[in-house]
Amino acid sequence: MKRILIIGGGAAGMMAAAAARSRGAKVVLLEKNEKTGKKIYITGKGRCNLTNACAPEDFFRNVVSNNKFLYSAFYQMDNQAVMDFFEKAGCGLKVERGERVFPVSDHSSDVIAALNRKLEREGVRICLRTAVSQILSDPGMPEKVSGVRLSDGRVLSADAVIVATGGSSYTSTGSDGDGYKFAQRAGHTVSKLRPALVPLVVREAWCREMQGLSLKNVSLSLKSGKKKIYEGFGEMLFTHFGVSGPLILSASSYYAKKINNMPAQLHIDLKPALLREQLDKRILRDFDENKNRQFKNSLNGLLPAKMIPVMIQISGIPPEKPVNEITKEERTRLLECLKNLALTVTGTRGFSEAIVTQGGVHVKEINPSTMESKLVGGLYFAGEILDTDAMTGGFNLQIAWSTGYLAGISAAANTVKGEKI
Ligand SMILES: Cc1cc2nc3c(=O)[nH]c(=O)nc-3n(C[C@H](O)[C@H](O)[C@H](O)COP(=O)(O)OP(=O)(O)OC[C@H]3O[C@@H](n4cnc5c(N)ncnc54)[C@H](O)[C@@H]3O)c2cc1C
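In short, a report on the structure. (Residues numbered from 1 in each chain as written. Predicted model: local features only at pLDDT ≥ 70, side-chain atom pairs only at ≥ 80, totals over all residues. Heavy atoms only, no water.)

**Notes on the packing of aromatic side chains**
Heads up, the rule is: For Phe, Tyr and Trp, where Trp contributes only its six-membered ring, two rings pair if their centres lie within 6.5 Å, and the inter-plane angle classes them as stacked under 30 degrees, edge-to-face over 60, or tilted in between. Buried, partly exposed and exposed residues are distinguished by accessible area as a fraction of the type maximum, computed with a 1.4 Å probe on protein chains only: under 20%, between the cut-offs, and over 50%, respectively. Ring-over charges, as used throughout, are those where CZ of Arg or NZ of Lys falls within 6 Å of the ring centre and within 35 degrees of the ring normal.
A complete count under the given rule lists eleven aromatic pairs for this structure. Their ring planes at 75° and their centres at 5.5 Å tell us that Phe74 and Tyr75 sit as a pair that is edge-to-face. Overall, Phe74 belongs to the buried group, its relative accessible area being 1%. With 5.0 Å between their ring centres and 80° between their planes, Phe85 and Phe86 make a pair best called edge-to-face. Residue classification places Phe86 among the buried positions, given a relative accessible area of 0%. Aromatic rings pair up to connect Phe59, Phe60, Tyr71, Phe74, Tyr75 and Phe395 into one cluster. In this arrangement the basic side chain of Arg47 is found over the ring face of Phe102, its NZ or CZ atom lying 3.9 Å from the centre.

See the structure below:
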């Protein structure tokens, strides 16, 4: 019977363990924390958006880095298979807006409990508080893995090792970058690590004045010079350092990937439902209703209160100016602020606030049909440690489940065939 060691009891590692065990291998899961699934616990604001019930092409469209690398993995365990897996493991699911899938209970702990039950029932040995410090190969055969060394010095031997140590974000959950060091020592290239799905820092100080203000139904585009990098519609939030919220997190993945901490321009359309001419008519109507007021008292129907002083400042229209004296040119400037509020992005926030890590083990050095290293036999990688990342919506966990499953069944290949999980 093949003996497989899995480093990391997160989403990818636990799925890999279930998969390898179902194919008849002897499986030991090594997790340095005192419990498994610490990151799963905080996903989806504690509700765990564990996958997305979209069509396959939408899954691939939502993967930001190296989506083609994921074809085999996704088709081995697609989103439907993930949902079947959890339903069968006793975790009822529901589909919400945007095809996001959550446990019926709204508790991420039920996702972790289902995985733990499955591993226990199948006879996976789980070693908690067990940190791996090194991946080993026999001195005479450096191109084949032979086991791991634990941080207490003990050596465990194995036919295959699956590295599922996660990325570099939210290190308190245990994913603090150990796996990248293992990969590099094994000769792998680790492409530049960047925080992604992360708030953006902007230059304009007036942003801070709107701290806490959340805007729904705005559209934005992110540009580097004239080149459009990202375009989207949704909800955003102003903070003390810049901008955040779902729409900004999505934009940040493309900022991280394509602009790499150089300044870029964010253009926000506060009234995307109205064409310029329609919005101009609407402003004229509001001005007509407020014609005897000062400009600063005429914008309540158009903007949230926190935004009014800022928009007055940017438009350059004197706040005390009577509305009936505002010129066409001034009105056009206001219109421009509403349709094209411009911000300068200067960088992202750090890994401690990033939902995923962009970059990781170079996928060209991994066999996409098995997740095995092309450099070291018997060494597999799964989950966020790989250079793949996706938008929010359950796609990152889907990557972890799919690559974990494929690594598990591949590592266990040639052992006694068991039930499909
Ligand atoms: C706040 C937040 C919310 C998120 N929400 C969602 C969401 O709703 N939907 C979604 O799809 N994605 C979400 N994500 C992303 C998703 O959680 C990750 O992409 C996913 O958990 C990655 O799984 P993984 O198994 O690769 O890594 P992890 O889940 O990070 O697991 C890695 C494990 O390896 C262990 N480990 C590391 N080094 C060692 C070592 N040397 N020895 C032993 N063990 C080790 C760690 O302790 C850890 O338990 C969220 C992320 C964050 C931070």
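**What to know about the side chain of Lys339**
Formally: In DSSP terms, a helix is any run of H or I states spanning at least four residues, a strand is any run of E spanning at least two, and both are numbered starting from the N terminus. Any pair of N or O atoms that falls within 3.5 Å is considered a polar contact. Within protein, one atom must be able to donate a hydrogen and the other to accept it, and sequence-neighbouring residues count only if both atoms are side-chain atoms. Contact criterion: two residues are considered in contact whenever any of their non-hydrogen atoms come within 4.5 Å of each other.
One can find Lys339 in helix α12 (residues 328-339). A distance of 2.9 Å separates polar atoms of two side chains, one belonging to Lys339 and the other to Asp269. Within polar-contact distance, the side chain of Lys339 engages the backbone oxygen of Lys271 at 2.9 Å. With sequence-adjacent residues up to four places away left out, Lys339 is seen in contact with Ile268, Asp269, Lys271, Pro272, Leu274, Arg276 and Leu279.

**What about the site of the ligand?**
Put simply, the rule reads: Definition of nearness: a residue and a molecule or strand are near each other if at least one heavy atom of the residue lies within 4 Å of the molecule or strand. For the area figures, the Shrake-Rupley method with a 1.4 Å probe applies, and any residue is considered shielded solely by the protein chains shown. Gly counts as polar in this scheme, as do all residues outside two lists: the nonpolar Ala, Val, Leu, Ile, Met, Phe, Trp, Tyr, Cys and Pro, and the charged Asp, Glu, Lys and Arg.
Around the ligand there are 35 residues in total, and Ala12, Glu31, Asp178, Glu384 and Leu397 lie nearest to it. Here an oxygen atom of the ligand sits 3.2 Å away from a polar atom, N or O, in the side chain of Asn33. Separating an oxygen atom of the ligand from a backbone N or O atom of Leu397 is a distance of 2.7 Å. Considering the ligand on its own, with 1,000 Å² of exposed area, one finds that the protein chains cover 95% of that surface. Sorting the residues of the shell around the ligand by element identifies α1 (11-22), α2 (38-42), α7 (178-185) and α13 (395-411) as the ones contributing at least two each. Among the elements that make up the shell around the ligand, the one with the highest residue count is α13 (four residues). Taken together, the residues of the shell around the ligand break down into 15 nonpolar, 15 polar and five charged.

**Observations concerning the pattern of salt bridges**
As a reminder of what qualifies: For salt bridges, the criterion is a side-chain nitrogen of Lys or Arg within 4 Å of an Asp or Glu carboxyl oxygen.
What the rule picks out here adds up to 21 salt bridges. For the salt bridge of Lys94 with Asp106, the shortest nitrogen-to-oxygen distance reads 2.8 Å. Within this pair, whereas Lys94 is found in strand β5 (residues 93-96), its partner Asp106 is found in the loop between β6 (100-103) and α6 (108-122), the two being separated by twelve residues in sequence. Here Arg276 and Glu336 are joined by a salt bridge, their closest N and O atoms 2.8 Å apart. Highlighted residues: Arg276 in helix α10 (residues 276-289) and Glu336 in helix α12, separated in sequence by 60 residues. Classification of Arg276 by relative accessible area gives partly exposed; the value is 36%. Because the salt bridges share partners, they merge into one network encompassing Lys32, Asp176, Asp178 and Lys181.

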